[in-house]
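# Structural characterization, general
So you can see what is in the structure, the chains are spelled out below.
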Amino acid sequence: GTAAPPALEVRDVTVRFAGLTALDEVSFTVTPGTVHAVIGPNGAGKSTCFNVLSGLYRPASGSVRLGTTELTRLAPHNIATLGVARTFQNIVTTQGTVADNLMLGRHVLSRAGFAASALRLPGAVREQRAHLARAREIAGLVGLGDLFDSPVSLLSYGDRKRVELARALCLEPRVLLLDEPVAGMNASERVRMAEVVRDIRASLGLSVVLVEHDMGLVMRLADEVTVLDFGKRIAHGTPDEVRQDPEVLRAYLGT
Ligand code: ADP
Ligand code: MG
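Residues numbered from 1 in each chain as written. Chains lettered and ligands numbered in written order. Predicted model: local features only at pLDDT ≥ 70, side-chain atom pairs only at ≥ 80, totals over all residues.

By the naming in an unreviewed UniProt entry, the chain goes by ABC transporter ATP-binding protein and is assigned to Streptomyces ziwulingensis.

## Quick word on the pairing of strand β10 (residues 232–237)
Rules: Strand pairing follows a simple DSSP-based rule, namely that at least 2 bridges must link the two strands. A helix here means a DSSP run of H or I that spans at least four residues, while a strand means a run of E at least two residues long, and both kinds are numbered starting from the N terminus.
Relative to β10, strand β9 (residues 224–229) runs antiparallel, the two being bridged by 5 bridges. Residue V225 lies in a different strand from β10, and its bridge partner there is G237. Following β9, the chain reverses through 2 residues before pairing antiparallel with β10; F230 in that reversal takes a positive phi of roughly 50 degrees.

## Structural notes on the environment of V175
To be explicit about the condition: Once C-beta atoms have been placed from the backbone, residue pairs whose C-beta atoms lie within 7 Å are recorded as contacts.
If you trace the backbone, V175 turns up in strand β7 (residues 175–179). Sequence-wise, V175 and G19 are 156 residues apart; in three dimensions their C-alpha atoms are separated by 32 Å. In contact with V175, other than residues within four places in its own chain, are A7, L8, V30, L66, G83, V84, S207 and V209.

## Section: the nonpolar core
Convention followed: To define a nonpolar core, we join buried Ala, Val, Leu, Ile, Met, Phe, Trp, Tyr and Cys residues through C-beta atoms within 7 Å and take the resulting set. Comment: burial labels come from other C-beta atoms within 10 Å of the residue's own C-beta, placed from the backbone, where a count of 20 or more is buried, 12 or fewer is exposed, and between is partly exposed. Each domain's limits were defined by an automated method or a database of domain assignments.
Counting 64 residues, the largest nonpolar core has V84, A166, V175, L177, V209 and L210 as the members making the most contacts within it. If you count residues domain by domain, this core takes at least three from each of domain 1 (1–83 + 173–255) and domain 2 (93–171). When neighbours within four sequence positions are excluded, L210 is seen to be in contact with V35, A37, L178, L221 and A222.

## Notes on the site of ligand 1
In plain terms, the rule: Using a C-beta atom placed from the backbone, a residue is scored as near a molecule or strand whenever that atom is within 6 Å of it. Residue polarity is assigned by list, with Asp, Glu, Lys and Arg as charged and Ala, Val, Leu, Ile, Met, Phe, Trp, Tyr, Cys and Pro as nonpolar; anything else, Gly included, falls into the polar class.
The local shell around ligand 1 consists of F17, L20, A22, G40, N42, G43, A44, G45, K46, S47 and T48. For the shell around ligand 1, the secondary structure elements donating two or more residues are β2 (20–30) and α1 (46–53). Looking at the shell around ligand 1 element by element, the count peaks at 3 residues for α1. For the shell around ligand 1, the class distribution of residues is 4 nonpolar, 6 polar and 1 charged.

## A short note on the domain arrangement of the chain
When cut into domains, the chain gives domain 1 (1–83 + 173–255) and domain 2 (93–171). On the domain 2 side, the residues contacting the 15 residues of domain 1 number 13 residues. Within the residue set of the side of domain 1 that touches domain 2, elements represented by two or more residues are α2 (76–82) and α7 (187–204). Each residue belonging to the side of domain 1 that touches domain 2 can be placed in one class, and the counts come to 8 nonpolar, 4 polar and 3 charged.

## A short note on the sheet that holds strand β4 (residues 61–66)
Strand order across the open sheet formed by 4 strands is β2-β1-β4-β5, with antiparallel pairing between neighbours. The two strands at the open ends of the sheet, each matched to only one other strand, are β2 and β5 (69–70). Here strand β1 (residues 8–17) pairs with β4 via 5 bridges, running antiparallel. Paired with E9 across the bridge in β4 is R65.

## With respect to the confidence of the model for the chain
In plain terms, the rule: A residue's pLDDT is the predictor's confidence in that residue, given on a scale from 0 to 100.
Overall, the prediction assigns the chain a mean pLDDT of 90, with 93% of residues at 70 or greater. Across the interface, the model reports ipTM at 0.98; the global pTM reads 0.90.

## Concerning the sheet that holds β7
Filter applied, for reference: Axes, fitted as lines to C-alpha atoms, cover a helix only where it is in contact. Angles between the N-to-C directions of the axes lie from 0 to 180 degrees.
An order of β6-β7-β8-β3-β9-β10 is seen for the 6 strands of this open sheet, with the pairing classed as mixed. Strand pairing shows two members of the sheet lacking a second neighbour, β6 (84–86) and β10, which therefore form its edges. Across this sheet, the average inter-strand angle for adjacent strands is 20 degrees, counted without regard to direction. By the bridge criterion, 3 bridges tie β6 to β7 in an arrangement that is parallel. Counted as the bridge partner of A85 is L176 from β7. Taken strand by strand, helix α10 (residues 246–253) contacts β9 and β10, and its axis lies near 130 degrees from that of β10.

## Side note on the packing of helix α6 (residues 157–169) against α7
For the record, the criterion: Comment on the angle field: the value is read as roughly parallel under 35 degrees, roughly antiparallel over 145, roughly perpendicular from 65 to 115, and oblique elsewhere. Here is the rule for handedness: rotate from the far helix to the near one, and if that takes an anticlockwise turn smaller than a right angle the crossing is left-handed, while a clockwise turn gives right-handed.
Their axes nearest at 10 Å, the elements α6 and α7 cross at an angle of 15 degrees. Considered as vectors, α6 and α7 are oriented roughly parallel to each other. Between α6 and α7 the crossing geometry is right-handed. Side by side, α6 and α7 meet where G158, K161, R162 and L169 of the first sit next to E189, R192, M193, V196 and I200 of the second. For the contact of α6 with α7, a count of residues per class yields 4 nonpolar, 1 polar and 4 charged.

## Quick look at α1
Among the 8 residues of α1, 7 are classified as buried, and the element is accordingly described as predominantly covered. With its phi angle positive at about 90 degrees, G55 sits one or two positions after the end of α1.

Right, here's the structure in full:
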(Lines give C-alpha, C1' and ligand atoms only; values in the text may rest on other atoms or scores of the structure.)
(Ligands and ions follow the chains in the order given, each with its own letter.)
Protein backbone atom coordinates (compact mmCIF):
# COMPACT_ATOMS: atom_id res chain seq x y z
CA GLY A 1 0.00 0.00 0.00
CA THR A 2 0.94 3.66 -0.17
CA ALA A 3 1.05 4.00 3.62
CA ALA A 4 4.56 2.51 3.96
CA PRO A 5 7.19 5.26 4.23
CA PRO A 6 9.67 5.30 1.34
CA ALA A 7 13.10 3.72 1.75
CA LEU A 8 14.65 6.76 0.14
CA GLU A 9 13.10 10.14 -0.58
CA VAL A 10 14.69 12.60 -3.00
CA ARG A 11 12.97 15.97 -2.88
CA ASP A 12 13.51 18.95 -5.20
CA VAL A 13 17.25 18.32 -5.61
CA THR A 14 19.14 20.90 -7.65
CA VAL A 15 22.85 20.61 -8.56
CA ARG A 16 24.72 23.26 -10.51
CA PHE A 17 28.19 23.22 -12.06
CA ALA A 18 29.45 26.67 -13.13
CA GLY A 19 26.47 27.76 -15.18
CA LEU A 20 25.13 24.29 -15.94
CA THR A 21 22.12 22.94 -14.03
CA ALA A 22 22.89 19.21 -13.92
CA LEU A 23 19.81 18.44 -11.77
CA ASP A 24 16.83 20.75 -11.67
CA GLU A 25 14.45 20.19 -8.71
CA VAL A 26 14.41 16.42 -9.18
CA SER A 27 12.15 14.38 -6.89
CA PHE A 28 11.42 10.67 -6.59
CA THR A 29 10.82 8.13 -3.84
CA VAL A 30 12.03 4.56 -3.60
CA THR A 31 9.45 2.10 -2.30
CA PRO A 32 11.00 -0.39 0.18
CA GLY A 33 12.02 -3.70 -1.38
CA THR A 34 11.69 -2.46 -4.97
CA VAL A 35 14.02 -1.60 -7.85
CA HIS A 36 13.73 2.04 -8.92
CA ALA A 37 15.48 2.81 -12.20
CA VAL A 38 16.75 6.28 -13.10
CA ILE A 39 17.17 6.49 -16.85
CA GLY A 40 17.80 9.16 -19.47
CA PRO A 41 20.08 10.06 -22.37
CA ASN A 42 23.78 10.80 -21.89
CA GLY A 43 24.30 13.94 -19.82
CA ALA A 44 20.78 13.74 -18.34
CA GLY A 45 22.12 13.88 -14.77
CA LYS A 46 22.00 10.23 -13.71
CA SER A 47 25.53 9.98 -12.30
CA THR A 48 25.15 13.41 -10.69
CA CYS A 49 22.04 12.08 -8.98
CA PHE A 50 24.01 9.11 -7.60
CA ASN A 51 26.78 11.42 -6.46
CA VAL A 52 24.22 13.39 -4.44
CA LEU A 53 22.66 10.24 -2.97
CA SER A 54 26.06 8.90 -1.89
CA GLY A 55 27.26 12.26 -0.51
CA LEU A 56 29.96 13.03 -3.09
CA TYR A 57 28.07 16.15 -4.27
CA ARG A 58 26.12 18.57 -2.11
CA PRO A 59 23.01 19.87 -3.81
CA ALA A 60 22.45 23.64 -4.08
CA SER A 61 18.96 22.94 -2.72
CA GLY A 62 16.66 20.05 -1.94
CA SER A 63 16.98 17.06 0.36
CA VAL A 64 17.63 13.32 0.48
CA ARG A 65 16.15 11.24 3.28
CA LEU A 66 16.74 7.64 4.30
CA GLY A 67 13.56 6.83 6.23
CA THR A 68 13.45 9.79 8.63
CA THR A 69 17.21 10.45 8.52
CA GLU A 70 18.37 13.50 6.59
CA LEU A 71 21.36 12.52 4.42
CA THR A 72 21.79 15.76 2.51
CA ARG A 73 24.78 17.23 4.39
CA LEU A 74 26.49 14.01 5.46
CA ALA A 75 29.89 12.77 4.31
CA PRO A 76 30.04 9.71 2.01
CA HIS A 77 31.32 7.31 4.71
CA ASN A 78 28.53 8.38 7.09
CA ILE A 79 25.92 7.77 4.40
CA ALA A 80 27.49 4.38 3.69
CA THR A 81 27.42 3.32 7.35
CA LEU A 82 23.78 4.47 7.61
CA GLY A 83 22.92 1.90 4.96
CA VAL A 84 23.25 3.43 1.50
CA ALA A 85 25.93 1.63 -0.53
CA ARG A 86 26.90 2.29 -4.12
CA THR A 87 28.82 0.81 -6.99
CA PHE A 88 30.66 2.92 -9.56
CA GLN A 89 30.13 3.05 -13.30
CA ASN A 90 33.85 2.60 -13.97
CA ILE A 91 35.47 -0.01 -11.80
CA VAL A 92 39.12 0.05 -10.85
CA THR A 93 39.26 -3.07 -8.70
CA THR A 94 42.40 -4.93 -9.82
CA GLN A 95 44.37 -5.49 -6.61
CA GLY A 96 44.26 -8.28 -4.07
CA THR A 97 41.96 -11.28 -3.90
CA VAL A 98 38.17 -11.24 -3.95
CA ALA A 99 38.32 -11.81 -0.18
CA ASP A 100 40.65 -8.80 0.29
CA ASN A 101 38.29 -6.54 -1.62
CA LEU A 102 35.23 -7.66 0.31
CA MET A 103 37.03 -7.24 3.64
CA LEU A 104 37.68 -3.59 2.69
CA GLY A 105 33.90 -3.24 2.54
CA ARG A 106 33.53 -4.90 5.97
CA HIS A 107 36.14 -2.62 7.54
CA VAL A 108 34.06 0.44 6.76
CA LEU A 109 31.45 -1.10 9.08
CA SER A 110 33.80 -1.30 12.06
CA ARG A 111 36.74 1.07 12.03
CA ALA A 112 37.40 0.55 15.73
CA GLY A 113 37.37 -3.19 15.17
CA PHE A 114 39.85 -2.77 12.36
CA ALA A 115 42.27 -0.78 14.55
CA ALA A 116 41.95 -3.34 17.35
CA SER A 117 42.57 -6.25 15.01
CA ALA A 118 45.88 -4.66 14.02
CA LEU A 119 46.79 -5.06 17.72
CA ARG A 120 45.51 -8.67 17.68
CA LEU A 121 43.14 -8.32 20.61
CA PRO A 122 41.20 -11.58 21.16
CA GLY A 123 37.76 -10.01 20.62
CA ALA A 124 39.01 -8.41 17.45
CA VAL A 125 40.26 -11.72 16.09
CA ARG A 126 36.81 -13.18 16.66
CA GLU A 127 35.22 -10.19 14.97
CA GLN A 128 37.62 -10.51 12.04
CA ARG A 129 36.60 -14.17 11.62
CA ALA A 130 32.92 -13.21 11.65
CA HIS A 131 33.57 -10.57 8.99
CA LEU A 132 35.43 -13.08 6.83
CA ALA A 133 32.59 -15.59 7.16
CA ARG A 134 30.03 -12.96 6.15
CA ALA A 135 32.20 -11.80 3.22
CA ARG A 136 32.33 -15.42 2.03
CA GLU A 137 28.54 -15.67 2.25
CA ILE A 138 28.11 -12.49 0.23
CA ALA A 139 30.58 -13.75 -2.41
CA GLY A 140 28.33 -16.80 -2.66
CA LEU A 141 25.22 -14.63 -3.11
CA VAL A 142 26.71 -12.93 -6.18
CA GLY A 143 28.10 -16.18 -7.63
CA LEU A 144 31.74 -15.66 -6.64
CA GLY A 145 31.91 -18.34 -3.95
CA ASP A 146 34.43 -20.44 -5.88
CA LEU A 147 36.60 -17.41 -6.63
CA PHE A 148 36.79 -16.08 -3.06
CA ASP A 149 40.56 -16.55 -2.77
CA SER A 150 41.39 -15.70 -6.40
CA PRO A 151 43.30 -12.55 -7.36
CA VAL A 152 40.88 -10.05 -8.87
CA SER A 153 43.39 -9.37 -11.68
CA LEU A 154 42.73 -12.90 -13.01
CA LEU A 155 38.93 -12.52 -13.12
CA SER A 156 36.81 -11.78 -16.17
CA TYR A 157 35.27 -8.33 -16.55
CA GLY A 158 31.82 -9.62 -15.60
CA ASP A 159 33.19 -11.29 -12.45
CA ARG A 160 34.99 -8.08 -11.48
CA LYS A 161 31.76 -6.12 -11.79
CA ARG A 162 30.24 -8.60 -9.35
CA VAL A 163 33.19 -8.12 -6.97
CA GLU A 164 32.29 -4.42 -6.99
CA LEU A 165 28.67 -5.31 -6.25
CA ALA A 166 29.66 -7.71 -3.45
CA ARG A 167 31.90 -5.07 -1.90
CA ALA A 168 28.93 -2.71 -1.71
CA LEU A 169 26.82 -5.51 -0.18
CA CYS A 170 29.47 -6.00 2.50
CA LEU A 171 28.27 -2.69 3.98
CA GLU A 172 24.95 -4.47 4.74
CA PRO A 173 23.02 -1.70 2.99
CA ARG A 174 19.29 -1.07 3.15
CA VAL A 175 19.51 0.84 -0.11
CA LEU A 176 21.85 -0.22 -2.92
CA LEU A 177 22.80 2.26 -5.65
CA LEU A 178 23.91 0.60 -8.89
CA ASP A 179 25.50 2.89 -11.51
CA GLU A 180 25.29 1.13 -14.88
CA PRO A 181 25.97 -2.37 -13.51
CA VAL A 182 26.05 -4.03 -16.95
CA ALA A 183 28.04 -1.37 -18.81
CA GLY A 184 30.73 -3.03 -20.94
CA MET A 185 29.33 -6.53 -20.38
CA ASN A 186 28.55 -9.09 -23.07
CA ALA A 187 25.07 -10.59 -23.43
CA SER A 188 25.58 -13.58 -21.13
CA GLU A 189 27.26 -11.44 -18.44
CA ARG A 190 24.26 -9.07 -18.58
CA VAL A 191 21.80 -11.89 -18.04
CA ARG A 192 23.90 -13.14 -15.14
CA MET A 193 24.03 -9.69 -13.52
CA ALA A 194 20.27 -9.28 -13.87
CA GLU A 195 19.73 -12.62 -12.10
CA VAL A 196 22.12 -11.65 -9.32
CA VAL A 197 20.43 -8.29 -8.72
CA ARG A 198 17.01 -9.96 -8.62
CA ASP A 199 18.32 -12.63 -6.21
CA ILE A 200 19.96 -10.25 -3.76
CA ARG A 201 16.98 -7.91 -3.76
CA ALA A 202 14.81 -10.82 -2.70
CA SER A 203 17.20 -12.56 -0.29
CA LEU A 204 18.49 -9.41 1.43
CA GLY A 205 15.23 -7.44 1.22
CA LEU A 206 17.05 -4.52 -0.37
CA SER A 207 15.76 -1.42 -2.06
CA VAL A 208 17.71 -0.76 -5.25
CA VAL A 209 18.25 2.42 -7.24
CA LEU A 210 19.50 1.50 -10.69
CA VAL A 211 21.02 3.84 -13.25
CA GLU A 212 21.22 2.00 -16.55
CA HIS A 213 21.48 2.55 -20.29
CA ASP A 214 20.43 -0.99 -21.20
CA MET A 215 16.65 -0.67 -21.65
CA GLY A 216 16.17 -4.42 -21.72
CA LEU A 217 17.65 -4.65 -18.23
CA VAL A 218 15.55 -1.74 -16.96
CA MET A 219 12.37 -3.27 -18.33
CA ARG A 220 13.18 -6.67 -16.78
CA LEU A 221 14.33 -5.43 -13.38
CA ALA A 222 12.63 -2.15 -12.49
CA ASP A 223 9.38 -1.78 -10.57
CA GLU A 224 9.35 1.99 -11.07
CA VAL A 225 11.22 4.26 -13.46
CA THR A 226 12.14 7.95 -13.22
CA VAL A 227 13.24 9.52 -16.52
CA LEU A 228 15.65 12.47 -16.58
CA ASP A 229 16.50 14.69 -19.52
CA PHE A 230 18.81 17.73 -19.27
CA GLY A 231 18.60 17.51 -15.48
CA LYS A 232 14.80 17.57 -15.33
CA ARG A 233 12.42 14.77 -14.43
CA ILE A 234 10.31 14.30 -17.57
CA ALA A 235 8.44 11.11 -16.67
CA HIS A 236 7.79 8.62 -13.89
CA GLY A 237 5.88 5.35 -13.73
CA THR A 238 6.09 1.63 -14.37
CA PRO A 239 8.41 0.45 -17.18
CA ASP A 240 5.38 -0.01 -19.44
CA GLU A 241 4.09 3.48 -18.67
CA VAL A 242 7.34 5.32 -19.34
CA ARG A 243 8.05 3.28 -22.47
CA GLN A 244 4.91 4.70 -24.08
CA ASP A 245 5.37 8.26 -22.80
CA PRO A 246 5.71 10.69 -25.75
CA GLU A 247 8.15 12.92 -23.81
CA VAL A 248 10.40 9.93 -23.16
CA LEU A 249 10.32 8.87 -26.80
CA ARG A 250 11.18 12.43 -27.81
CA ALA A 251 14.12 12.56 -25.36
CA TYR A 252 15.53 9.25 -26.57
CA LEU A 253 14.95 9.84 -30.26
CA GLY A 254 16.14 13.44 -30.06
CA THR A 255 13.26 14.88 -32.08
P1 ADP B 1 24.63 11.07 -17.05
O2 ADP B 1 25.21 10.22 -15.98
O3 ADP B 1 23.15 11.03 -17.13
O4 ADP B 1 25.25 10.79 -18.41
P5 ADP B 1 25.96 13.23 -15.65
O6 ADP B 1 25.27 13.29 -14.34
O7 ADP B 1 27.28 12.57 -15.71
O8 ADP B 1 24.97 12.62 -16.74
O9 ADP B 1 26.13 14.71 -16.20
C10 ADP B 1 25.08 15.66 -16.23
C11 ADP B 1 25.62 16.98 -16.73
O12 ADP B 1 26.47 17.56 -15.73
C13 ADP B 1 26.47 16.84 -17.98
O14 ADP B 1 26.25 17.99 -18.78
C15 ADP B 1 27.88 16.81 -17.43
O16 ADP B 1 28.80 17.31 -18.39
C17 ADP B 1 27.77 17.72 -16.22
N18 ADP B 1 28.69 17.35 -15.14
C19 ADP B 1 28.67 16.18 -14.45
N20 ADP B 1 29.61 16.18 -13.49
C21 ADP B 1 30.23 17.39 -13.57
C22 ADP B 1 31.30 18.01 -12.84
N23 ADP B 1 31.92 17.37 -11.82
N24 ADP B 1 31.68 19.26 -13.24
C25 ADP B 1 31.06 19.90 -14.24
N26 ADP B 1 30.05 19.38 -14.95
C27 ADP B 1 29.64 18.13 -14.64
MG1 MG C 1 26.61 8.51 -16.02
